[in-house]
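Chain by chain, the residues:
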Amino acid sequence: MANALPRAGAVARFAPAVTALASSAGLVLAEMVPPGQVNLRGNPSDPRFLRAAGSVLNCLLPVGANTVQSTDDITVLWLGPDEWLILTAPGGETELIERLRAALGDVHAAVTDVSGNRARLRLSGPEARMVLAKGCGLDLHPQRFKAGQCAQTTMARVGIILHQLDDRPTYDILVRRSFAEYTWMWLKDAMAEYGGTIAAG
Amino acid sequence: MSTYSVFSLIKNAFSNHQEWDRAWRDAAPKASYDVIVIGGGGHGLATAYYLAKEHGITNVAVIEKGWLGGGNTGRNTTIIRSNYLWDESSALYEKSLKLYEGLSQELNYNIMFSQRGVMNLAHNLHDVREGMRRVNALRLNGIDSEWMTKEQVKEFVPAINIDQNVRYPIMGATLQRRGGTARHDAVAWGYARAASARGVDIIQNCEVTGIRRLGGRVVGVETTKGFIGAKKVGIVTAGHSSVLAAMADFRLPVESHPLQALVSEPVKPILDTVVMSNAVHVYVSQSDKGELVIGAGIDAFHSYGQRGSFHMIEHQMGALLELFPMFSRLRMLRQWGGIVDVCPDASPIIGKTPVENLFINCGWGTGGFKATPGSGWVFAHTIATGQPHALNAPFALDRFTSGNLIDEHGAAAVAH
Amino acid sequence: MTNTHRTPTGGTVDRSKTISFTFNGKSYQGHAGDTLASALLANGVHLVGRSFKYHRPRGILSAGSEEPNALIQLERGAHTEPNLRATQIEIYEGLTASSQNAWPSVEFDVGAVNNLFSKIFVAGFYYKTFMHPQSMWMRVYEPIIRRAAGLGKSPQEADPDIYDKMHAHCEVLVVGAGPAGLAAALEAARGGARVILADEQPRFGGSLLGSRGETIDGMPALEWVAKAEAELRSHPEVTLLPRTTVTGYFDHNYLVMAERRTDHLPRGSKPGVSRQRLWKVRAAQVVLATGSHERPLVFADNDRPGVMLAGAARTYVNQFGVLPGRRVVVFTNNDSAYQAALDLHDSGAAVPAIIDLRKSVDGPLARKARAQGIRIITNSAISEVEGGKKVRGVQVQALAADGETVTGPAESIACDLIAMSGGWNPAVHLFSQSMGKLRYDEALAAFVPNLSVQAERSAGACKGSFALPACLAEGAEAGRAALAAAGLDAAEPARVPTAEALEEQPLRPLWIVPGKKPVGQKGKHFVDYQNDVTAADVLLASREGYQSVEHLKRYTTTGMGTDQGKTSNVNALAILAKSLASPIPQVGTTTFRPPYTPLTYGTIAGRDVGELADVARVTPIHAWHVEQGAVFEDVGQWKRPWYFPRGAETMEEAVRRECRAVRTSVGVLDASTLGKIDIQGPDAATFLNRMYTNAWLKLDIGRCRYGVMCKEDGMIMDDGVTTRLGPNHFIMTTTTGNAAKVLDWLEEYLQTEWPELKVYLTSVTEQWSTASIAGPKAREVVAALAPDLDLSAEAFPFMSMKEAVVAGVPARIFRISFTGELSYEINVPSHQALHVWREMMRVGARYDITPYGTETMHVLRAEKGYIIVGQETDGTVTPFDLGMDWIVSKQKKDFVGKRSYARPGAVDDGRKQLVGLLPEDPAFVLQEGAQIVEDADNRTPIPMLGHVTSSYYSETLGRSFALALIKNGTNRLDQAVYAPLDGGRIVKCTVTKPVFFDPEGVRLHG
Amino acid sequence: MLLINCPWCGPRDETEFSYGGEAHRVRPADPSALTDEQWADFLFMRTNPKGAHKERWVHSHGCRRWFNVERHTVTHQILNVYPPASAPQPVQDIEAANGDAAPASSQKGARS
């Protein structure tokens, strides 16, 4: 049941979702086109589970706290000691789920399509850290939270998954869809003093 | 005890106020008493006062580990109201409110009870429904209560924002005009003075360290000033009830939590009503000194530390400015915390314990101050007669076994 | 004539920049770098306010945040702010300020009549009067008290400024950028630590800003400060925050700071920039270098304008180039005031005398003063102050041997300023807030830090080390120790800045300075300036038994002003101790509570105002609802369409139309807000069986079942439909408001009670967006959307689920109903939900598909007697009370809540049951929340049977109806009960079963 | 604002967690076998100590795991944090945990 219909961004009322950020010097915010998202639960001390998941994902499951593993096709975020979020291309989740379920067989695990669950906001630019610090209590100093790390935390009353992509720094903020408009408004407000802009669609 | 009045003030002015008596005698403990009340807060002092006044029992000691009124009596936001949902609760709090209405005169101590009205705001349909339910229940119980439209709210409280384009617009409110505030310390001091005048011993800086029993009956208390015998003992130690219960080897359905409050710098009168909001979680009044007195909910965790976390205050201020945007430039002057005993049904426990002649009065949660006179009155009755008064019979400890809880959670989602 | 009191040179103000401002309607000029206080003093203005109770004229006492007197109403209109300290306001062009608590003017204040009655207005007088007659309190006495109290005025308009917040983390937070703080920050920074250095003043330097002549490392002190600041700036991990007050020290080294970002600029000149910022700092280590506050001496009429702290006088002349007086009498009990005398003298002021309470003085400072020709009068006191609105002179008398009285002839000395010093209190406020324990130091006659609880250390004056070399050494040591404690290695040996030590002689604490008459008889010995508390008040309180420090504070209000007693606490405590003949440490100390200095509410709220006040959760269809002109209802944080008015329709008309559409054709509800939990694992059915009251082991795949979840006390907590997707796979729905709570509840049981169960839960609330299509034509609409799906009742019966492609999108369709109609709930991924919705509206148009909101949903479900958790239930209702015995399994041995049904309270005769009510007047809709009684009687009190939980007009029934919880309700069917309403109307109602429409469920199954 | 060291995610602000009250209360295996008093004791009675308190927290805005904390109820100092024995234990050695789960050649490692 591959589904090629376009995917609406969660803040489409304010700005269209984009597929990539244009490289620019300043502080920029965008919603990315909602990626395929798969929630994976399983016991990491069960080698069968790890083997099955690793064979489909073609990478190790990140079992260290707040870590991320990536291949060209997917990104796997550690959410907890038995939970991961797998991001893939929009529409890629259907096949991924089928493959994961097939590989896992009767291993006790849960594979769930959550592509619609969260919006992916991207904040990039030299002041991005300051913007986040206005609402997020995590220590985001480059020595403490680096590119390739993720965390489930809160920002401005909202639960988020924060994923640092590069040293610019660029962050992905994965937020429940119904909270996305609020999060967007909050980020826009917090960016204002740094002259932040919204990425063109 | 000399009588307080404007004439006694003038008279004393001529002697440069050198002749005033002590407000209460600071007593040394006797070997034994008919009744020992553990806890010199408002409830304990009121209990001692009514034991003497209503039941003629004057061989009474109030034992306080620190200074009188140093617990929640001196740490609350001084709100008085009786607009509780259930019949049992509203009857008890109404008894208290009625006693408050003549208390300054009865005690000859101005407790500054000011019936400026207590308003509970409704911000959504659920609030409206619950408000109506409460207004009707109170009215049919003979307790004053009314519903106000948002326009009436604005007329009554001109500083409030009833703009409907805000996140949580005001849809209306309930109002109890007889509700209000009182000077909290004065309630403790007034009861102390009146109880002392009737012969009650008030013993400060004396900590109870054990409860001595013989054959399942209480016989006295161990204290930092030695053993003091007693025929009957009442525990009224809000915040520390579980600690005292543990001394008598029983447990309570009580958890101690921090409850924080704060005041602004004093300003000229701007708010004449007590305004409360469950939905946005804040309540505010302005004291006679001009300070805005503001409270909110309890911290989630257990604590005996008399302080909570700052994020509670942050939330509280957001809520306040939602109701009163004009207060944004005013400033927080002082912030503090108390320890409240919280029961699973948000109602108090007043009655017997598993130990004979040992009685307990606790679990008032966030609502103890308003109950002070009524609580003391029924507890004195319970101790004196050995049986609860009809007003506190429903609030016995055994309701947790029978399941006959008096669930006031809807009533007390916001602490006050 | 301006700046009459400005010295020709000196100070750090920028004399090239002149700034105009207005005070009490009069124009003045000052310089950049001036505070309002220094600028007023430069213009010879001392009288700035009136006191709280007696309306006594008051001047400027201090030069910092401890100021109790010089409180100002700053600006007008929306920008106005009460109670600001003139000593902290940086002047800016166009500043407008005025005195408070004075009418008609600060010069002539009618309220000063209170001073005449001050003999009566003693501490606590209001507890003793205003009681008779009772009615007069509210009507007369209290309004007068209220009007008299308060200081400044609240703004009357919304705040035009914005505020924000910032989280910060560091290894070392240094509070205070005086010599100790700078030395600490330097050591920590050199070790590579993340350092935050915050100071409440606009410039770094602390006490050095007001000093003269001191050198550090061989250079003038301010040069050293500049060099230190430059070095700190060069370390990339150092954050320097001037104009930032650390106001609160909370658990686990969490500190709160307020940064004033634009207050020093003309109002409105920095649009978009937050005016004040709240910093929330988690510091591994804290160095407190918060300095100290000078104590006033408690002598008769020590509150006259022109009585100033000696240290402040020194600051005015040294930092601001302002002579606060031309003829200055210095009054002291310690050496520090000699510095002020010398600097003032050096700047051209006459210093006719230093009056020293000590029996003799012969330290280096005293020798220096004598060398300058300044007369020192030892063992003497000021026994009277001359002058009302301004000091004109003093009378000096010798102290008796015991220091309790003055003796001998009085000497008059003319002066226009009294610079006093009663010693210094270390600023232990933050240390005390951190729960550190204090110790009383006899030599300093002050409290100093003793036992730390949190990861902090004090250095310098706040630790009681007042001498500059000690401040520098302790600062460097503290910075280094903090570095080590934070786990960092110092890169180099400590570099302790050096300064010259000046030997000081011990002070003589004389807590009440005797005057001509005994205390309380003539002249007022003020302890707390702001609250007008005198030594006599303290003694009175003690006499009346208010002898604990807290009683004293509360009875006299000492220390309760906006300065929080920074200048008064120790004096009050000492006088109390003296009255009790107890040592000070035995009497105790007061608790310092946050904030250190008052903090605007705007700062604490930050951006949590206006549209950011709270999250507004919206569904994927929200944009469409807005387009359609929906009116929204707040349900928890959600915005849900309440109804969809067409044209000029009222709500009632819209709801009737929507109801009609569903019952006669087809309507659609956005049900996306319902909670959805994906449940997978071999024990999933077992788990559901334990959490729900009914049986779950045998549900077929593809079938749905309604369930009720209770708490352990047996009371209903939530309900919803759960569907079996596979042998080990379920999808649960919850109510909108309880979605998160139910997930938490289930996780808690799984993890903490039954970890052996193999079940995984995943929230999919927002994965799926839900359109609930209901009505006789629902099947036609779904058929048009999903042409491949067999929708026959046989293939797709009530309470079952099918997967299908709907408008091109893979969907789950549940045939369940909350309206009593044929109904399908179409779930599609949220990111394609709006597309599906629009398609649905397009294909449904031929059936006049009608969007409906929550109000219509409520009416329709109530007609069917379906409950809403939170409306028919309130945490005290069991399934049995709702007549839902059928949903509580008798077979299951245990489930959450079961045991509680065996308690006496659960089977009590007095319990209420859910019934229907039909008002006698079919057009009258009862109020929800109306109470029900047995008799048509208007008396109160009257026993109540229960209350109306839901009440509507039914378009379908053509009449009003209600649901109610009523005592013994099931036995009252067809009987009359009454609802006495506010206003006297009594509505007669007939009790019915709580199902009003299609009781057989024909339409559901159709 | 307490700083709580989640056994899995590391130290986080209190606001990321929810409090779960007294720890080590175990739901009776067979509630029907209890007297009303015993059931009430389980449901409602609490030790509520002044001093060290073993309590439960859940990292609601993080990994959603429940764990135990021993905290002093006067000073608020956290004395100990420990996950329930039945919970998945925090991982220290990532490579070892994965074992031979995936071919090393496919491993790209942590990256942007």
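Residues numbered from 1 in each chain as written. Chains lettered and ligands numbered in written order. Predicted model: local features only at pLDDT ≥ 70, side-chain atom pairs only at ≥ 80, totals over all residues. Heavy atoms only, no water.

*Asks:* Is there a simple way to think about the interface of chain C and chain B in this case?
*Replies:* Interfaces are frequently sized by the accessible area removed from exposure as the parts join. Taken residue by residue, the interface counts 118 residues in chain C and 99 residues in chain B. In total, chain C and chain B occlude about 9,500 Å² of area from one another, counting both sides; carbon and sulfur atoms represent 54% of this. A per-residue breakdown of the area chain C buries against chain B is headed by Tyr127, Arg146 and Tyr601 of chain C, which together make up 10% of the total. Across the chain C-chain B interface, the total number found is 15 salt bridges. Counting the contacts that link chain C with chain B gives 64 residue pairs in polar contact (both at pLDDT 80 or more). With eight residues, helix 2 (residues 134–148) of chain C is the largest single contributor of residues to the side of chain C that touches chain B. In terms of residue class, the side of chain C that touches chain B is built from 50 nonpolar, 37 polar and 31 charged. In terms of strand pairing, strand 16 (residues 331–342) of chain B meets strand 31 (residues 599–600) of chain C through two bridges, oriented antiparallel. In the sheet register, Met332 of chain B faces strand 31 of chain C, and the bridge partner there is Leu599 of chain C. (Contact = heavy atoms within 4.5 Å. Buried area = accessible area lost by both parts, 1.4 Å probe. Salt bridge = Lys/Arg side-chain N within 4 Å of Asp/Glu carboxyl O. Polar contact = N/O pair within 3.5 Å; in protein donor to acceptor, adjacent residues only side chain to side chain. Helix = DSSP H or I, 4+ residues; strand = E, 2+ residues; numbered from the N terminus. Nonpolar A, V, L, I, M, F, W, Y, C, P; charged D, E, K, R; others polar. Pairing = 2+ DSSP bridges.)

*Asks:* Is there a simple way to explain the sheet that holds strand 10 (residues 170–176) of chain A in this structure?
*Replies:* By way of backbone hydrogen bonds, the strands of a sheet pair with one another, either parallel or antiparallel. Residues and elements named next belong to chain A. In space, the six strands of this open sheet follow the order 8-9-10-7-1-11, with mixed pairing throughout. Only two strands of the sheet have a single partner each, and these edge strands are strand 8 (150–155) and strand 11 (197–198). Pairing analysis gives five bridges linking strand 1 (residues 28–32) to strand 7 (residues 118–124), with the strands arranged antiparallel. Bridging from a neighbouring strand, Leu29 pairs with Leu123 of strand 7.

*Asks:* How should I be thinking about the domain arrangement of chain A in this particular structure?
*Replies:* Residues and elements named next belong to chain A. Segmenting chain A into domains produces domain 1 (28–34 + 117–198) and domain 2 (36–113). A separation of 24 Å is found between the C-alpha centroids of domain 1 and domain 2. Opposite the twelve residues of domain 1 that make contact, domain 2 presents twelve residues. Carbon and sulfur atoms supply 58% of the area buried between domain 1 and domain 2, which totals about 1,000 Å² over both sides. Contact with domain 2 buries area across many residues of domain 1, yet Arg118, Cys150 and Gln152 alone supply 40% of it, more than any other trio. Inspection of the region where domain 1 meets domain 2 yields zero salt bridges. Where domain 1 packs against domain 2, one counts four residue pairs in polar contact (both at pLDDT 80 or more). (Domains from an automatic or database assignment.)

*Asks:* Would you mind going over the packing of aromatic side chains with me for this structure?
*Replies:* How two aromatic rings sit relative to each other is set out by the distance from centre to centre and by the angle between their planes. Summed over all chains, the structure comprises 50 aromatic pairs over all chains. Centre to centre, the rings of Tyr440 of chain C and Phe447 of chain C are 5.1 Å apart; their planes meet at 65 degrees, and the pair counts as edge-to-face. Owing to a relative accessible area of 9%, Phe447 of chain C belongs among the buried residues under this scheme. With a centroid separation of 5.5 Å and an interplanar angle of 35 degrees, the aromatic rings of Trp39 of chain D and Phe42 of chain D are classed as tilted. Taken together, the positions of Trp39 of chain D and Phe42 of chain D, both in helix 1 (residues 36–44) and three residues apart, correspond to about one turn of that helix. (Phe/Tyr/Trp six-rings, centres within 6.5 Å; stacked < 30°, edge-to-face > 60°. Buried < 20%, exposed > 50% of the residue type's maximum accessible area, 1.4 Å probe, protein only.)

*Asks:* I would appreciate a short explanation of the pattern of salt bridges in the present structure.
*Replies:* Summed over the entire model, instances satisfying the criterion amount to 112 salt bridges over all chains. Put simply, Glu356 of chain B and Arg217 of chain B hold a salt bridge, and the shortest N to O gap is 3.7 Å. Taken together, the residues span a long stretch of sequence, with Glu356 of chain B in the loop between strand 17 (349–352) and strand 18 (358–362) and Arg217 of chain B in strand 10 (residues 217–223) at a distance of 139 residues. Note on Arg217 of chain B: relative accessible area 39%, which makes it partly exposed. Salt bridges sharing common partners tie together Glu265, Arg329 and Arg331 of chain B together with Glu81, Asp159, Asp161, Asp263 and Arg275 of chain C.

*Asks:* How should the sheet that holds strand 6 (residues 109–113) of chain A be read in this particular structure?
*Replies:* Residues and elements named next belong to chain A. The strand order across the open sheet formed by five strands is 3-4-5-2-6, and the pairing between neighbours is antiparallel. A single partner strand is all that each edge strand has here, and the edge strands are strand 3 (68–70) and strand 6. Adjacent strand axes in the sheet meet at a mean angle of 20 degrees when their direction is disregarded. The pairing of strand 2 (residues 36–42) with strand 5 (residues 83–88) spans six bridges and is antiparallel. Its bridge partner lying in strand 5, Arg41 is registered against Glu83. In this fold helix 1 (residues 47–57) packs onto strand 2, strand 4 (75–80), strand 5 and strand 6, with an angle of close to 165 degrees to the strand it touches most, strand 2. Here helix 2 (residues 93–104) sits on the sheet and contacts strand 2, strand 5 and strand 6; the angle it forms with strand 6, its principal contact strand, is near 170 degrees. (Axes fitted to C-alpha atoms, helices over the stretch in contact; angles between N-to-C directions.)

*Asks:* Looking at this structure, I do not really get helix 2 (residues 42–55) of chain B. What am I missing?
*Replies:* For the α-helix, the turn length of 3.6 residues means that residues three or four positions removed from each other point alike. Residue and element names in this part refer to chain B. Taking 1.5 Å of rise per residue, 14 residues should cover 20 Å, and helix 2 covers 19 Å from first to last C-alpha, within 8% of that figure. Of all the 14 residues making up helix 2, eleven are buried; the element is thus mostly covered by neighbouring parts of the structure. Within the span of helix 2, buried status applies to Gly42, His43, Gly44, Leu45, Ala46, Thr47, Ala48, Tyr49, Tyr50, Leu51 and Ala52. Following helix 2 by one or two positions, Gly56 adopts a phi angle in the positive range, close to 65 degrees. (Expected span 1.5 Å × (residues − 1).)

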